[in-house]
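What the coordinates show
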Amino acid sequence: MASVQPISRSDWSERKAPGLADFEAMASEVLAGLPDDVLLRCGHLQISLADYAPDDVLDALSIEDPHDLLGLFEGQGLAQGGDSDRTGQMPNRIWLFRRPILDYWAAMDDPLGDVVAHVLIHEIGHHFGLSDQDMERIEAAADR
């Protein structure tokens, strides 16, 4: 249908999806806002970003759709002895996967920064040794 009104562009017509640098900035903001005692326990934790999880990681987790994995904790949780240094031990690492996070965000009604924060804090929970079930119970209690 043709319009008699002049074409106007929305704010979105010139925007691009946030890149990895934007995600790094959002993750840095989340980390900066965490309580000091939490940050102290995250001392050697690495935060890494990628568009998607590698195929070998998806295969190891039996995940067929790469959009199903928004973040990943690699390492040994602090509750399982991950805070003791061992020769050859890699530091604990959190991965944030940009494209799955963007797809999740596009389907939900939450601000992108909140989604990034949720994924990052969830993975930090694994660094502290919490299971997915532990975190679900904590979130459910917080929602009450």
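Residues numbered from 1 in each chain as written. Predicted model: local features only at pLDDT ≥ 70, side-chain atom pairs only at ≥ 80, totals over all residues. Heavy atoms only, no water.

1. Comments concerning the packing of helix α1 (residues 20–32) against helix α5 (residues 112–127)
Viewed as axis vectors pointing N to C, α1 and α5 meet at an angle of 65°, and their least axial separation amounts to 9 Å. Crossing angle aside, the handedness with which α1 passes α5 is right-handed. Where α1 approaches α5, its residues Phe23, Met26, Ala27, Val30 and Leu31 are matched on the opposing element by Leu112, Gly113, Val116, Ala117, Leu120, Ile121 and Ile124. Residue composition of the contact of α1 with α5, by class: eleven nonpolar, one polar and no charged. (Axes fitted to C-alpha atoms, helices over the stretch in contact; angles between N-to-C directions. Helix = DSSP H or I, 4+ residues; strand = E, 2+ residues; numbered from the N terminus. Left-handed = near helix turned anticlockwise from the far one by under 90°. Contact = heavy atoms within 4.5 Å. Nonpolar A, V, L, I, M, F, W, Y, C, P; charged D, E, K, R; others polar.)

2. Regarding the nonpolar core
The nonpolar side chains of a soluble globular protein tend to be buried with one another. Counting 20 residues, the largest nonpolar core has Leu96 and Ile101 as its most contacted members. Counting only elements with at least two residues in this core, the list comes to α1, β3 (93–97), α4 (98–107) and α5. With seven residues, the top contributor of residues to this core is α5. With residues near it in sequence (within four places) discarded, isoleucine 101 still touches Phe23, Leu70, Leu96, Leu112, Val115, Val116 and Val119. In this structure, Ala53, Val57, Leu69 and Phe97 belong to the second largest nonpolar core, which totals nine residues. (Core = buried A, V, L, I, M, F, W, Y, C linked by side-chain atoms within 4.5 Å. Buried < 20%, exposed > 50% of the residue type's maximum accessible area, 1.4 Å probe, protein only.)

3. A few points about the sheet that holds β3
Spatially, the three strands line up as an open sheet ordered β1-β3-β2, and their pairing is mixed. Of all the strands in the sheet, just β1 (46–50) and β2 (71–74) have a single pairing partner and so form its edges. In this sheet, neighbouring strand axes are inclined to one another by 20° on average, regardless of whether the strands run parallel or antiparallel. Note: β2 against β3, four bridges, orientation antiparallel. Opposite phenylalanine 73, over in β3, you have isoleucine 94 as the bridge partner. Against the sheet, α4 engages β1 and β3, with an angle of about 55° to β3. (Pairing = 2+ DSSP bridges.)

4. Let's talk about the pattern of salt bridges
Within the structure shown, the criterion is met by two salt bridges. Here aspartate 51 and arginine 98 are joined by a salt bridge, their closest N and O atoms 2.6 Å apart. Placement of aspartate 51 in the loop between β1 and α3 (55–60) and of arginine 98 in helix α4 is noted, with a sequence separation of 47 residues between them. With a shortest N-O distance of 2.5 Å, arginine 137 and aspartate 134 are connected by a salt bridge. Of this pair, arginine 137 and aspartate 134 both sit in helix α6 (residues 132–143), three residues apart, which is roughly one turn of the helix. Judged by relative accessible area, arginine 137 falls into the exposed class, the value being 52%. Relative accessible area serves as the criterion here: at 24%, aspartate 134 is assigned to the partly exposed category. (Salt bridge = Lys/Arg side-chain N within 4 Å of Asp/Glu carboxyl O.)

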